[in-house]
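Chain residues, written in single-letter form:
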Amino acid sequence: MQPRISIKRRPGGNANNQVAMQSMNPQVQNLHHPGSHHDEDYNLRDTSPQLGERWPNGGTGRGWMSGGERSTSTYDLVEQMFYLYVRVVKAKNLSTNSLTSSCDPYVEVRLGNYKGRTKHIDKKSNPEWNQVYAFSKDQIQSSVLEVIVKDKETVGRDDHIGRVVFDLNEVPTRVPPDSPLAPQWYRLEDRRGDGKVRGDIMLAVWNGTQADEAFSDAWHSDAATVYGEGLFNIRSKVYVSPKLWYLRVNVIEAQDVISSDRNRRPEVFIKAQMGSQVLGTKVCPTSTPIWNEDLIFVAAEPFEEQLTITMEDRVHGSKDEVLGKIILPLTLFEKRLDHRPVHSRWFNLEKYGFGMMEGDRRNEVKFSSKIHMRICLEGGYHVLDESTLYASDHRPTARQLWKQPIGMLEVGILGAQKLLPMKMNNSRGSTDAYCVAKYGQKWIRTRTILDTFSPKWNEQYTWEVYDPCTVITLGVFDNCHLGGAGEKEREKAPRDSRIGKVRIRLSTLEANRIYTNSYPLLVLHQHGVKKMGELQLAIRFTTLSLANMVYIYGQPLLPKMHYLSPFTVNQVENLRYQAMNIVATRLGRAEPPLRKEVVEYMLDVDSHMWSMRRSKANFFRIMSLFSSVITTGKWFNQVCNWKNPVTSVLVHVLFFILILYPELILPTIFLYMFLIGLWNYRFRPRNPTHMDTKLSWAEGVNIDELDEEFDTFPTSKPHDVVRMRYDRLRSVAGRIQTVVGDIATQGERFHSLLSWRDTRATSLFIVFSLCSAVILYATPPRVVALAAGLYFLRHPKFRSKMPSVPSNFFKRLPAQTDSML
């Protein structure tokens with residue numbers, strides 16, 4: 001029987017019910033269609049939380065420190081929350097029932113309207129429970145704590161054995177890092193409190209905060225409606241991702257290949273499988289095949305999977321015949337830390353006899369052939385399990401290759417505000433929110449705050465930082481696993497709903513500064529972008545050494561092996577997908593599990609899927625990169641055309657100075673960059689970055705494009721919808737194709753200057769080059785620069801509206817487009 005906490009609720013409804021019901025109504029949902037939102041809804045807001053800890057005076061719970069308030073560094077990024085802790089350890093010499101001569105004791109802990117209960121222990125007068133209960137001081141409406149020992153009865157009311165009563169004004173306060181309060185034996189009193197009864201109970205009662213070690217394992221009074229295994233699903237926990245390795249299988253060659261049909265030449269290939277990962281070599285049509293191909297897998301410690309190598313013969317297009325196989329444990333292979341090759345080995349493949357054989361020899365292992373392979377576990381790579389754009393770690397697998405941390409990241413998860421109702425509970429909207437944060441191999445999950453749209457977590461966590469150019473990801477979810485369901489029921493239970501996600505890049509944080517901001521939680525639905533609430537955080541990035549930080553910026557982002565033996569783009573994406581599945585599976589086996597839908601959302605599982613919205617966003621990002629060049633070109637064109645005579649004169653003066661003193665050109669360029677950098681310092685971002693709906697192109701996207709983005713793969717839409725979307729995709733891709741083709745054409749024209757593809761053009765260019773070389777050799781560089789500058793800066797009266805000769809010549813040069821179908 002699972003221990004539980006129950007609560008007697010007072011009459012009266014929730015004041016937020018009407019708002020919740022309105023928010024659940026699709027007709028009044030706060031959907032932000034293009035043109036219907038306000039920019040301030042999506043902005044980052046500064047907050048002023050009361051961070052740090054202040055303790056009651058004297059440790060008795062009465063009064064406050066007025067002068068020197070004690071402040072601790074353990075929980076200085078969150079608001080202090082006070083709790084009354086009750087540890088029920090054990091009891092002894094309890095009185096037994098006069099009829100049954102036995103006792104099935106359990107303990108009730110009562111505080112006002114709240115009642116916590118331990119599990120009962122059958123037929124034992126000296127039971128042990130060792131359970132902790134935490135009651136929030138904000139919800140306490142009583143000055144008396146009762147600890148009651150009862151005898152469970154199968155029929156009728158449970159017998160009252162005895163109780164202990166505490167005055168809350170006399171409860172001591174524990175201040176970490178003090179040692180835990182020692183439990184004491186208390187004599188049980190009868191119900192009326194006028195006499196002693198047989199039995200003693202060992203208890204510890206103290207006031208504390210969320211910094212107490214007992215906080216995470218305590219049974220909380222605010223989770224009174226949760227029972228069974230649901231109690232485990234609402235606690236705060238820390239998870240660690242499994243240690244991931246790349247398994248490299250270098251298939252070199254094979255010998256003694258024997259085909260079942262000796263009249264044909266075998267077409268042999270090797271298939272390697274580890275768990276759900278299956279890879280194969282190319283087909284080699286010979287009896288002594290040579291491949292020399294690398295097959296890369298992702299493996300996780302502890303190594304539970306085995307590597308299965310199968311040699312198969314391609315009999316015809318739809319049939320493959322197994323010639324032999326071998327199963328190898330991963331612990332057999334060498335762990336490689338650098339690019340030095342490991343020793344290769346010959347492995348004997350085996351095949352099992354079958355068919356018209358004797359029954360006692362049906363499963364006899366027979367020699368098939370042998371295969372030459374080089375297999376190793378790669379420890380010099382970083383196994384990527386998250387999007388490369390939002391990586392939180394770049395360390396290699398082997399711990400021996402890790403460098404010292406450069407700093408520490410501390411995050412205080414304060415709470416959330418204005419959350420929308422995520423599900424219906426007793427005909428009203430409700431949200432049971434918890435927060436998940438992922439950085440490096442460490443995942444954290446806060447406790448679930450039940451039935452509130454403004455949860456207060458006030459939990460603080462710490463990570464070691466090895467590279468500042470990394471991203472921490474935080475997500476808020478609605479807990480849908482609060483009941484005591486079994487394993488089969490849990491598989492059918494609804495998935496935890498996404499409320500929103502926040503990403504923060506550490507390199508954008510100033511060192512040793514506390515950022516207190518409220519981040520908008522934005523989710524893209526099929527009907528548009530929607531603000532689900534706000535997440536309040538307190539963040540501090542502490543660096544250990546400025547010199548070490550500067551040194552890191554000059555180092556490669558990834559370990560050395562990624563550059564010595566790089567993977568292809570397709571390999572990186574496939575390996576990341578396999579690594580993500582392994583991490584989701586392993587974390588889903590924890591207790592309580594970090595569910596697959598949560599892990600996939602945090603790791604951006606769908607980042608590689610096609611989206612019209614993402615394509616538009618990326619296209620305009622490319623165009624914005626050229627905007628500065630275009631702006632500079634327009635400004636220079638205005639100078640050349642004397643649109644602003646004062647500016648043109650100043651540019652001429654600067655030009656003459658640089659001609660007279662050419663050694664000032666480079667210093668002037670760097671001085672200008674220095675001045676521009678100082679000028680832009682006033683406009684520097686004051687807060688960490690957050691989700692930008694305009695940059696993501698989430699505001700102007702239409703409904704059909706969103707429906708296409710949320711479509712399954714392969715598609716589940718009718719043919720006419722797919723045809724319309726395909727035509728639209730061709731139209732957009734055609735425009736992108738044209739832009740990319742134009743860029744390629746200009747590059748090919750530069751290449752054709754000396755390629756003799758157009759013999760006349762190349763002849764003219766090399767004659768021009770020879771004449772230019774002679775002139776430039778005989779003419780001082782200052783004169784050449786002066787003539788060129790005056791030519792480009794000449795007054796519009798001396799300009800022609802027709803294109804220049806070099807421009808006409810360049811546009812006439814041939815490109816590879818002539819050879820394209």
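Structure first, text after, so check above.
Source: prediction; values computed, not measured.

Draft legend 1. A look at the side chain of Lys150. Relative to the elements of secondary structure, Lys150 occurs in strand 8 (residues 144–151). Judged by relative accessible area, Lys150 falls into the buried class, the value being 14%. Side chain to side chain, Lys150 and Glu108 meet in a polar contact 3.4 Å long. In this structure, Lys150 is in contact with Asp104, Pro105, Tyr106, Glu108, Arg110, Asp159, His160 and Ile161, ignoring residues within four places of it in sequence.

Draft legend 2. Spatial organisation of a nonpolar patch on the surface. There is a patch of nonpolar side chains on the surface, built from Leu654, Leu671, Tyr672, Phe674, Leu675, Ile676 and Leu678 and spanning about 660 Å² of accessible area. Looking at the nonpolar patch, the element that brings in the most residues is helix 9 (residues 665–681), giving six residues. Along the chain, Ile676 turns up in helix 9.

Draft legend 3. The arrangement of the sheet that holds strand 30 (residues 497–505) in detail. The five strands are arranged 13-27-26-29-30 in an open sheet whose pairing can be described as antiparallel. Among the strands making up the open sheet, the edge pair consists of strand 13 (237–240) and strand 30. Neighbour-to-neighbour, the strand axes of the sheet open up by a mean angle of 15°, direction not taken into account. Two strands pair when backbone bridges link them, and strand 26 (residues 433–439) and strand 27 (residues 442–445) are joined in this way by four bridges, in the antiparallel orientation. The partner of Ala437 across the bridge, within strand 27, is Ile444.

Draft legend 4. Spatial organisation of helix 5 (residues 569–588). End to end, helix 5 covers 29 Å across 20 residues, agreeing with the expected 28 Å (1.5 Å per residue, within 8%). Within helix 5, burial applies to Leu575, Arg576, Gln578, Ala579, Met580, Ile582, Val583, Ala584, Arg586 and Leu587.

Draft legend 5. Layout of the environment of Thr96. By secondary structure assignment, the location of Thr96 is in the loop between strand 4 (82–92) and strand 5 (105–111). Sequence separation between Thr96 and Ile161 is 65 residues; the distance between their C-alpha atoms is 8.7 Å. Residues in contact with Thr96, not counting those within four places in the same chain, are Ser101, Ser102, Cys103 and Ser125.

Draft legend 6. View of empty space enclosed by the protein. Applying the stated criterion across every chain yields a total of two cavities of 30 Å³ or more. The space that makes up the largest cavity amounts to roughly 100 Å³. Around the largest cavity, the lining comprises eleven residues; the ones closest to its centre are Ala218, His220, Ala223, Ile234 and Arg235. Here the residues of the lining of the largest cavity sort into six nonpolar, two polar and three charged.

Draft legend 7. Expanded view of the packing of helix 8 (residues 645–660) against helix 13 (residues 781–792). Interhelical geometry of helix 8 versus helix 13 gives an angle of 165° and a closest axis separation of 9 Å. Regarding the angle of helix 8 to helix 13, the classification is roughly antiparallel. Handedness of the crossing formed by helix 8 with helix 13: right-handed. Of the residues in helix 13, those touching helix 8 at His652, Phe655, Phe656, Ile659 and Leu660 are Arg782, Ala785, Leu786, Gly789 and Leu790. Looking at side-chain class alone, the contact of helix 8 with helix 13 contains seven nonpolar, two polar and one charged residues.

Draft legend 8. Representation of unusual backbone geometry within the structure. The residue after Glu301, namely Pro302, is reached through a cis peptide bond having omega -10°. Examined against the element boundaries, Pro302 turns out to sit in the loop between strand 17 (290–300) and strand 18 (306–316). Here the residue pair Glu591 and Pro592 is connected by a cis peptide bond, since its omega of 0° sits within 30 degrees of zero. With respect to the helices and strands, Pro592 occurs in the loop between helix 5 and helix 6 (596–602). Backbone geometry places Asn130, a non-glycine residue, at a positive phi of 55°. With respect to the helices and strands, Asn130 occurs in strand 7 (residues 128–136).

Draft legend 9. Up close: the packing of aromatic side chains. Using the criterion set out here, one finds ten aromatic pairs in the structure. Taken together, a centroid distance of 6.2 Å and an interplanar angle of 45° make the contact between Tyr83 and Tyr85 tilted. Across the pair, exposure class does not vary: Tyr83 and Tyr85 are buried alike. With 5.7 Å between their ring centres and 85° between their planes, Phe477 and Tyr601 make a pair best called edge-to-face. A residue pair is termed long-range when its members are at least 10 positions apart, and Phe477 in strand 29 (residues 471–478) and Tyr601 in helix 6 qualify at 124 residues. Take Phe477 and Tyr601: they sit in the same class, and that class is buried. Put simply, the rings of Tyr83, Tyr85, Trp206 and Phe215 pair up and form one aromatic cluster. The ring of Trp219 carries the charged tip of Arg235 above its face, separated from the ring centre by 4.2 Å.

Scoring rules and cut-offs
- For every chain, the first residue of the written sequence is number 1, and numbering continues from 1 onward in sequence order.
- Residues qualify for local features only when their pLDDT is at least 70, as the model is predicted, and side-chain atom pairs are given and counted only at 80 or more; totals for whole chains, interfaces and linings, by contrast, use all residues.
- Hydrogens and waters are ignored; side-chain quantities use all the structure's heavy atoms.
- What counts as a helix is a DSSP run of H or I of at least four residues, what counts as a strand is a run of E of at least two, and both are numbered from the N terminus.
- Each residue gets one of three labels from its accessible area relative to the maximum for its type: buried under 20%, exposed over 50%, partly exposed in between, using a 1.4 Å probe on protein chains only.
- By the criterion applied in these results, polar contacts are pairs of N or O atoms within 3.5 Å in which, for protein atoms, one can donate a hydrogen and the other can accept it, and in which residues neighboring in sequence qualify only through two side-chain atoms.
- A contact between two residues is defined here by any heavy atoms of the two lying within 4.5 Å.
- For patch detection, residues must exceed 30% relative accessible area and be free of salt bridges, and they are connected within 9 Å for like charges or within 5 Å for nonpolar side chains (Val, Leu, Ile, Met, Phe, Trp, Tyr).
- Here the open area of atoms and residues is found with the Shrake-Rupley method and a 1.4 Å probe, where only the protein chains shown may cover a residue.
- The working definition used for a salt bridge is a side-chain nitrogen of Lys or Arg within 4 Å of a carboxyl oxygen of Asp or Glu.
- Pairing between strands requires that DSSP locate at least two bridges from one strand to the other.
- Only the stretch in contact is used when a helix axis is fitted, and all axes are lines through C-alpha atoms; the angle between N-to-C directions ranges over 0 to 180 degrees.
- To estimate the expected span of a helix, count its residues, drop one, and scale the result by 1.5 Å.
- Both cavities and pockets are sets of points on a 1 Å grid over the protein atoms alone; in a cavity a 1.4 Å probe fits but cannot get out, in a pocket the set is open with protein on both sides within 12 Å along at least five of seven lines, and lining residues sit with an atom within 4 Å of a point.
- Grid points are joined across faces, edges and corners, and a volume is the space filled by probe spheres set on the points.
- Put simply, Ala, Val, Leu, Ile, Met, Phe, Trp, Tyr, Cys and Pro go in the nonpolar bin, Asp, Glu, Lys and Arg in the charged bin, and everything else, Gly too, in the polar bin.
- These descriptions rest on fixed angle ranges, namely under 35 degrees for roughly parallel, over 145 for roughly antiparallel, 65 to 115 for roughly perpendicular, and the rest for oblique.
- Each crossing is labelled by how the near helix is turned from the far one, with a counterclockwise turn of less than a right angle marking it left-handed and a clockwise turn marking it right-handed.
- The criterion for an aromatic pair is that two Phe, Tyr or Trp rings (for Trp, the six-membered ring) have centres within 6.5 Å, with stacked assigned to planes under 30 degrees apart, edge-to-face to planes over 60 apart and tilted to the rest.
- Two thresholds decide whether a charge sits over a ring: the Lys NZ or Arg CZ must be within 6 Å of the ring centre and within 35 degrees of the ring normal.

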